Amino acid sequence: MTDSLTEIDENLLRRAFKLAQQAREQGHRPFGTVVASAGGRILAEGGSGGSSTRVLEHSEINTLRALEAAGTGRSVLASATIYCSAEPCPMCAGAIFESGIGRVVYGFSLNAVLRLRREQGEKGLSLSCRAVLQSADHPPGIIGPCLEDEASAAHREYWTRPMRESH
């Protein structure tokens, strides 16, 4: 697998950005995820969901659950890429590792998201997905942040508004 961003990567990452915007429009946090085969075929995708009582509805977790429900095998996932609109949190990075996905590409950096969240008094973990994944015996490839200006669009003014029940 390549260590640089390809045209296919850019297109699929932009799809994750669109899913993040859709999640925001539905009243959820602005995150989106796409998993694609080595050839670029979308295997699963999802946005953030949940509510104040269902806090584990991160876009990465939702997408990994869809892959599992579809019966996608580890041999397929080993050569697949997960495209995340923003850098995966430590929980999601751990889930990505456990899934066996071979490559991670993300847009908006964790530091940028944390900066926005902290300005509003929200808590966050500052452990990068790279730190989590590179602690593995056989870490996946990681590329990011990428297209960060485009990735930030779904986050603009999101973190400055009053939090609703669905967050």
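Residues numbered from 1 in each chain as written. Predicted model: local features only at pLDDT ≥ 70, side-chain atom pairs only at ≥ 80, totals over all residues. Heavy atoms only, no water.

- Under an unreviewed UniProt entry, the protein has the name Nucleoside deaminase and belongs to Teichococcus globiformis.

**With respect to the pairing of strand β4 (residues 103–108)**
And step 1. Summarising burial for β4: 6 of the 6 residues are buried, a large majority.
And step 2. Read from strand β3 (residues 81–86) through helix α4 (residues 90–99) to β4, the crossover connection turns out right-handed.
And step 3. Where β4 lies against strand β5 (residues 141–143), 3 bridges are found, and the strand directions are parallel. What sits directly across from Val 104, in β5, is Ile 142. (Buried < 20%, exposed > 50% of the residue type's maximum accessible area, 1.4 Å probe, protein only. Helix = DSSP H or I, 4+ residues; strand = E, 2+ residues; numbered from the N terminus. Right-handed = clockwise from strand over helix to strand, strands pointing away. Pairing = 2+ DSSP bridges.)

**Focus: the pairing of β3**
Sheet faces and side chains relate simply in a regular strand, where the side chains alternate between the two faces.
And step 1. Most of β3 is tucked away, with 6 of its 6 residues classed as buried.
And step 2. The pairing of strand β1 (residues 32–36) with β3 spans 4 bridges and is classified as antiparallel. Within the sheet, the bridge partner assigned to Thr 33 lies in β3 and is Cys 84.
And step 3. Taken together, the 5 bridges between β3 and β4 define a ladder with parallel strand orientation. Paired with Cys 84 across the two strands is Tyr 106, which belongs to β4.

**Describing the nonpolar core**
And step 1. Of all hydrophobic cores here, the largest spans 19 residues; its most connected members are Leu 13, Val 34, Tyr 83, Val 105, Phe 108 and Val 113.
And step 2. If you tally residues by element for this core, the top one is helix α1 (residues 7–25), at 5 residues.
And step 3. Sequence-distant contacts of Phe 108, defined by excluding residues within four places in its chain, comprise Ser 85, Ala 86, Glu 87, Val 113, Leu 116, Glu 148, Ala 151, Ser 152 and His 155.
And step 4. In this structure, Val 35, Leu 67, Ala 93 and Val 104 belong to the second largest nonpolar core, which totals 18 residues. (Core = buried A, V, L, I, M, F, W, Y, C linked by side-chain atoms within 4.5 Å. Contact = heavy atoms within 4.5 Å.)

**Comments concerning the environment of Ala 69**
And step 1. Mapped onto the secondary structure, Ala 69 falls in helix α2 (residues 59–69).
And step 2. Expressed as a C-alpha distance, the spacing of Ala 69 and Ala 44, which sit 25 residues apart in the sequence, is 10 Å.

**As for unusual backbone geometry**
And step 1. For the peptide bond that leads from Gly 144 to Pro 145, omega is 0°, which places it in the cis range.
And step 2. Considering the arrangement of structural elements, one finds Pro 145 in the loop between β5 and α7 (148–151).
And step 3. Phi angles above zero are rare outside glycine, and Leu 147 is one such case at about 50°.
And step 4. Despite not being glycine, Glu 157 shows a phi value in the positive range, around 65°.
And step 5. Within the fold, Glu 157 resides in the segment after α7.

**Brief notes about the sheet that holds β1**
And step 1. In space, the 5 strands of this open sheet follow the order β2-β1-β3-β4-β5, with mixed pairing throughout. Two strands close off the open sheet at either side, each with one partner strand: β2 (42–47) and β5. Put simply, the sheet's adjacent strands are angled 15° from each other on average, direction ignored.
And step 2. Along the sheet face, α1 touches β1, β2, β3 and β4 and points at about 145° away from the line of β1. (Axes fitted to C-alpha atoms, helices over the stretch in contact; angles between N-to-C directions.)

**Section: the environment of Gly 39**
And step 1. Mapped onto the fold, Gly 39 is located in the loop between β1 and β2.
And step 2. Along the chain, Gly 39 and Ser 59 lie 20 residues apart, while their C-alpha atoms are 22 Å from each other.

**Digging into the environment of Ala 70**
And step 1. Topologically, Ala 70 is positioned in the loop between α2 and α3 (74–78).
And step 2. In this structure the C-alpha to C-alpha distance between Ala 70 and Ile 101, which are 31 residues apart in sequence, comes to 15 Å.

**Describing the side chain of His 155**
And step 1. With respect to the element layout, His 155 can be found in the segment after α7.
And step 2. With relative accessibility at 2%, the residue His 155 sits in the buried group.
And step 3. What His 155 contacts, discounting residues up to four positions off in sequence, is Arg 24, Pro 30, Phe 31, Ala 86, Phe 108, Val 113 and Leu 116.

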